[in-house]
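# Chain and residue survey
Listed here are the chains, written in short residue letters.
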Amino acid sequence: MLIDTHQHFWKLERGDYGWLTPDLAPLYRDFMPEDLKPLLDAAGVSGTIAVQAADTEAETEFLLSLADTHDWIRGVVGWVDLAAATAPASIARLAAHPRLVGLRPMIQDIPDDTWMLRPELAGGIAAMERHDLTFDALVMPRHLPHLRAFLAAYPELRVVVDHCAKPEIRNAGFTGWAETLQEIAADTRVFCKLSGLATEAATAWSEADLAPYIRHVIEVFPESRLLFGSDWPVLNLASDYQAWIDIAARGHATAGRAAIPDNASAAYPRLRG
C-alpha cells in the first residue's frame with residue numbers, strides 16, 4: 001500500500017492557473033482523475049494526495065469536490081493567503097472538510113524570498129496548528145536558510161519539504177543545497193517528498209544525474225520522514241509515472257531499504273484512511 005503524496009489535477013476552463021500557458025504544451029490540457037487512475041493501478045499505488053496548483057481558495061474547493069467523488073483521493077493540500085487578515089476564517093471554513101490535510105503557499109513564485117518570515121503570517125499559521133494542518137514548503141535552495149528560521153519561529157508546525165527543495169541538478173548545484181537540507185532534516189517535525197527531481201535535471205538527463213541527490217535525501221532524512229510523490233502531471237515534462245516510481249524504488253534499494261516508505265499518515269494526520 002503506497003500513497004502518492006504529490007499530484008495535481010486541473011481543468012483549464014477554471015481559469016486560475018496563472019503559470020499554465022500554451023508554451024507548456026504537454027501540460028496545457030485538462031488532467032483529471034480518470035487520467036491518473038490507470039497509472040496508479042498499473043504502479044500499485046493505492047491512493048493520492050491532490051496538491052494545489054493555483055493560488056485561489058476556489059481551486060482548493062475544486063480539489064475537495066474531486067476527493068468527494070473519488071475515494072482514492074485521500075486528501076487535499078490546498079491554498080489560503082496566509083498573510084491575509086481573513087486567513088484564520090478561511091482556514092476554519094476549508095478545514096471543516098475532512099479531506100483537507102494541509103496548505104501550500106506558492107513560495108517559489110513569491111518575489112520576496114523572506115516572505116515566510118513576515119509577521120502577518122502568524123495568525124494563519126496558528127489557525128493551521130489549531131486544525132492540525134501540515135505546511136507544504138514549495139521552496140528552492142535559496143529559500144532553505146529562511147525555512148530554517150521559519151521552523152524556529154513556529155516550533156509546533158509540521159512541515160513537508162516539496163520536491164527535495166528543488167536542487168539545481170541541471171547546473172550541478174549540489175553542495176549548498178545538500179548542507180542546508182541536512183540541517184533542516186535534523187528537525188523531527190520535517191518530512192521530505194522524494195518528488196520533482198526529474199524536472200530539475202537537464203533535458204537529456206539520466207538516472208545517474210539524479211542518483212547523488214536521491215541518495216543524499218535518503219541519507220539525511222530517516223525512513224520514517226520520507227514520502228513518495230510523483231508530481232504528476234508536471235512529471236510528464238521529463239519522465240512518466242512508472243519510470244519515476246521505479247527510480248524511487250531503486251534509490252531506496254541502493255540505500256538498503258526494502259521498499260519505498262509510506263509515511264503519508266504521519267506527515268498528514270488528517271489523511272483519510
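Analysis parameters
Residues numbered from 1 in each chain as written. Predicted model: local features only at pLDDT ≥ 70, side-chain atom pairs only at ≥ 80, totals over all residues. Heavy atoms only, no water. Buried < 20%, exposed > 50% of the residue type's maximum accessible area, 1.4 Å probe, protein only. Helix = DSSP H or I, 4+ residues; strand = E, 2+ residues; numbered from the N terminus. Pairing = 2+ DSSP bridges. Right-handed = clockwise from strand over helix to strand, strands pointing away. Core = buried A, V, L, I, M, F, W, Y, C linked by side-chain atoms within 4.5 Å. Contact = heavy atoms within 4.5 Å. Axes fitted to C-alpha atoms, helices over the stretch in contact; angles between N-to-C directions. Salt bridge = Lys/Arg side-chain N within 4 Å of Asp/Glu carboxyl O.

### Comments concerning the pairing of strand β7 (residues 190–194)
Burial runs high along β7: 5 of the 5 residues are buried. Along β7, one buried face is formed by Val190, Cys192 and Leu194 and the opposite face, lined by Phe191 and Lys193, is buried too. Sheet analysis places β7 next to strand β8 (residues 226–228), joined by 3 bridges and oriented parallel. Opposite cysteine 192, over in β8, you have leucine 226 as the bridge partner. Once you follow β7 into helix α7 (residues 207–220) and on to β8, the crossover reads as right-handed.

### Regarding the nonpolar core
In this structure, Phe135 and Leu147 are the most contacted members of the largest nonpolar core, which totals 83 residues. With 6 residues, the single largest contributor to this core is α7. Every residue in contact with phenylalanine 135, bar those within four places of it in the chain, is listed here: Leu82, Leu103, Pro105, Ile107, Ile125, Met128, Phe150, Leu157, Arg158, Val159 and Val160. By size, the runner-up hydrophobic cluster in this structure holds 12 residues, among which are Val77, Val101, Leu227 and Ala267.

### Things to note about the sheet that holds β7
One open sheet accounts for 8 strands, arranged β1-β2-β3-β4-β5-β6-β7-β8; its pairing is parallel. Each of the sheet's edge strands pairs with one partner strand only, and the pair in question is β1 (3–7) and β8. Each strand of the sheet is rotated relative to its neighbour by a mean of 30°, with strand direction disregarded. Strand direction decides the pairing type here: strand β3 (residues 73–78) and strand β4 (residues 100–103), joined by 3 bridges, are parallel. Note that in β4 the partner of valine 76 across the bridge is leucine 100.

### Quick look at the pattern of salt bridges
Going through the model one piece at a time under the given rule, you end up with 16 salt bridges. For arginine 93, the salt bridge identified is with glutamate 57, shortest N-O distance 2.7 Å. Of the two residues, arginine 93 sits in helix α3 (residues 87–95) while glutamate 57 sits in helix α2 (residues 57–69), which places them 36 residues apart along the sequence. Of the charged contacts in the structure, one is a salt bridge between arginine 148 and glutamate 183, with a shortest N-O distance of 2.0 Å. Taken together, the residues arginine 148 in helix α5 (residues 144–153) and glutamate 183 in helix α6 (residues 175–185) connect sequence positions 35 residues apart. Here the residues in one salt-bridge network are Arg104, Asp136, Asp162 and Lys193, joined through shared partners.

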